[in-house]
Amino acid sequence: MRIDSAEVIVTSPGRNYVTLKLTTDTGVTGLGDATLNGRELAVVSYLRDHVCPQLIGKDASRITDIWEYLYKGAYWRRGPVTMTAIAGVDCALWDILGKATGRPVHELLGGAVRDGVLVYGHANGQTIDDVLADVGRYLEAGYRAIRVQASVPGLDSTYGIHHDGTGHTYEPADARYPTENVWDSAAYLRFAPELMAAVRAEHGYDFHLLHDVHHRLTPREAARLGKSLEPFDMFWIEDATPAEDQTAFELIRAHTVTPLAVGEVFNSIWDCRHLISNRLVDYIRCSVSHTGGITHLRKIFDLAALYGVRTGSHGAGDLSPVSFAAALQLDLAVPNFGIQEYMGHLSPAEEVFKTAYRFEDGYMKPGDRPGLGVEIDEEAAARYAYEPKSLPVNRLRDGTIHDW
Ligand code: CS2
Ligand code: MG
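Residues numbered from 1 in each chain as written. Chains lettered and ligands numbered in written order. Predicted model: local features only at pLDDT ≥ 70, side-chain atom pairs only at ≥ 80, totals over all residues. Heavy atoms only, no water.

Observations regarding the pattern of salt bridges
So, point 1. Inspection of the entire model under this criterion finds 19 salt bridges.
So, point 2. D184 serves as the salt-bridge partner of R397, at 2.9 Å between the closest nitrogen and oxygen. Residue R397 is found in the segment after β17 (393–396), and its partner D184 is found in the loop between β6 (180–183) and α6 (185–203); the two are separated by 213 residues along the sequence.
So, point 3. Here the salt bridges share partners, and the residues they tie into one network are E238, E264, R285 and E341. (Salt bridge = Lys/Arg side-chain N within 4 Å of Asp/Glu carboxyl O. Helix = DSSP H or I, 4+ residues; strand = E, 2+ residues; numbered from the N terminus.)

Printed below as a string of structure tokens:
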């Protein structure tokens with residue numbers, strides 16, 4: 001079973017998605033998500049100009065060998081562009097192996113160790129009342145875990161607070177020049193406990209409550225936040241502080257028992273190793289698409305298992321349904337799974353990507369289609385042309401660029 005063609009499909013059904021499609025000489029096709037939000041075309045070039053030509057003629061069932069070939073063979077290792085491109089190839093190869101053997105990928109990974117994948121949805125709003133209503137909608141829909149974000153009073157706009165009326169929330173998809181948000185950590189630190197207190201007072205404690213800080217605090221501020229949220233029994237606080245400064249987590253850890261999650265911007269096991277082996281985080285949030293695919297993410301998860309760290313993969317709307325399907329296959333098969341983010345996709349994406357997974361009673365079931373369980377409608381994909389889009393930039397009140 002040799003790789004006969006490798007095509008990169010760029011489509012923008014609501015968000016920009018980059019999909020690698022591999023086809024074998026036996027006619028089996030495989031899909032992998034290679035979307036690097038806001039920097040999509042860098043990965044398109046990496047794949048089209050450098051990787052795709054080298055794949056032709058290779059034995060598609062030698063997944064690990066191809067992974068090593070692309071990682072070690074390029075000389076330049078790691079980095080989001082490289083690891084997203086490799087992820088696209090890796091997931092497409094697992095998809096092919098599944099389809100060629102007639103098995104869903106989780107069976108090839110050792111089989112399901114649970115019946116469904118616990119997912120969390122995104123509730124948010126401009127005011128606490130809006131948030132309370134949104135949390136109510138998620139509970140009504142059967143969610144057992146909900147991430148809660150709200151606009152910080154006194155700030156004009158807060159990243160991640162956006163409702164398009166579809167029931168799903170999306171980060172702003174701006175034009176070429178990013179919008180600029182203004183941030184104030186002191187205002188946020190005063191507000192966050194008030195928000196979580198209101199959520200627990202209204203909806204009780206019988207569901208998991210999560211919150212994302214988007215890397216905005218100093219270690220001391222993050223410690224204070226964790227401490228102030230302890231009464232509200234958080235499932236986690238995510239990305240409390242910029243993740244490249246890893247010893248910062250020692251300070252946070254020393255002051256709070258609120259669980260910590262990190263890793264959506266990581267791209268290899270080397271980014272995770274210190275935090276995991278020193279037990280500085282509770283959940284590792286790497287995604288299949290930005291961390292070298294199923295093959296590499298499995299290694300990260302196995303390392304995490306040694307230290308009692310659980311998984312909590314990134315699953316924002318800027319990762320395509322192909323990525324989400326691949327995440328579910330792995331989530332189902334790893335013993336130390338914790339939770340999976342599920343932001344959902346806008347309806348045009350459902351025209352382009354035909355998925356088999358379904359939400360049931362708080363859990364996601366990947367279905368038993370062979371491979372990853374996703375097909376792409378290329379005619380539909382062609383109707384949604386690529387448009388450059390950027391994530392917002394974050395500034396302090398005095399104009400200083402800030403972390404996010
Ligand atoms: C967020 C994302 O889902 C999350 O946890 O951090 O919305 C993130 O901001 C985007 O994926 C950035 O591309
Ligand atoms: Mg996040």
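As for unusual backbone geometry
So, point 1. A positive phi is found at Y75, a non-glycine position, where the angle reads about 75°.
So, point 2. For Y75, the location among the structural elements is in the loop between α2 (63–73) and α3 (80–101).
So, point 3. Since its relative accessible area comes to 62%, Y75 is described here as exposed.
So, point 4. If you check the backbone angles, D239 has positive phi at about 45° while not being a glycine. (Buried < 20%, exposed > 50% of the residue type's maximum accessible area, 1.4 Å probe, protein only.)

Overview of the domain arrangement of the protein
So, point 1. Along its sequence, the protein is organised into domain 1 (3–104) and domain 2 (108–368).
So, point 2. Taking the mean C-alpha position of each, domain 1 and domain 2 sit 26 Å from one another.
So, point 3. Taken together, the contact between domain 1 and domain 2 spans 30 residues of the former and 33 residues of the latter.
So, point 4. In total, about 2500 Å² of surface goes out of reach between domain 1 and domain 2, with carbon and sulfur atoms giving 63% of it.
So, point 5. Here domain 1 and domain 2 share one salt bridge between them.
So, point 6. With a shortest N-O distance of 3.6 Å, D318 and R15 are connected by a salt bridge. (Domains from an automatic or database assignment. Contact = heavy atoms within 4.5 Å. Buried area = accessible area lost by both parts, 1.4 Å probe.)

Section: the nonpolar core
So, point 1. Core analysis: the largest hydrophobic core is formed by 124 residues, its most contacted members being L47, I284 and I294.
So, point 2. With ten residues, α3 is the single largest residue contributor to this core.
So, point 3. Mapping this core onto the domain boundaries places at least three of its residues in each of domain 1 (3–104) and domain 2 (108–368).
So, point 4. Ignoring sequence-local partners within four residues, the contact set of L47 consists of V8, L20, A34, C52, P53, A85 and V89. (Core = buried A, V, L, I, M, F, W, Y, C linked by side-chain atoms within 4.5 Å.)

Description of the packing of helix α5 (residues 128–140) against α6
So, point 1. Here α5 crosses α6 at 45°, and the two axes come no closer than 10 Å. Put simply, α5 runs oblique to α6. In terms of crossing hand, the pair formed by α5 and α6 is right-handed. Between α5 and α6, the contacting residues are I128, V131, L132, V135, G136 and L139 on the first element and F191, E194, L195, A198, V199, E202 and H203 on the second.
So, point 2. When grouped by side-chain class, the residues that make up the contact of α5 with α6 number nine nonpolar, two polar and two charged. (Axes fitted to C-alpha atoms, helices over the stretch in contact; angles between N-to-C directions. Parallel < 35°, antiparallel > 145°, perpendicular 65-115°, else oblique. Left-handed = near helix turned anticlockwise from the far one by under 90°. Nonpolar A, V, L, I, M, F, W, Y, C, P; charged D, E, K, R; others polar.)

Some words on helix α11 (residues 321–333)
Since the α-helix turns once every 3.6 residues, residues separated by three or four places project in the same direction.
So, point 1. Over its 13 residues, α11 runs 19 Å from end to end, which matches the ideal 18 Å to within 8%, given 1.5 Å per residue.
So, point 2. Most of α11 sits inside the fold, with 13 of its 13 residues counted as buried.
So, point 3. The residue sitting at the N-terminus of α11 and contributing the capping side-chain oxygen is S320; that oxygen lies 3.0 Å from the backbone nitrogen of V322. (Expected span 1.5 Å × (residues − 1). Polar contact = N/O pair within 3.5 Å; in protein donor to acceptor, adjacent residues only side chain to side chain.)

Here we look at helix α1 (residues 40–55)
So, point 1. By the largest-angle criterion, L47 marks the main kink of α1, which is about 40°.
So, point 2. Within α1 the residues assigned to the buried category are E40, V43, V44, Y46, L47, V51, C52 and L55.
So, point 3. Contacts from the buried residues of α1 go to β1 (3–11), β2 (17–24), α2 and α3.
So, point 4. Positive phi shows up at G57, right after α1, with a value of about 90°. (Bend = angle between axes of the 7 residues up to and from the residue.)

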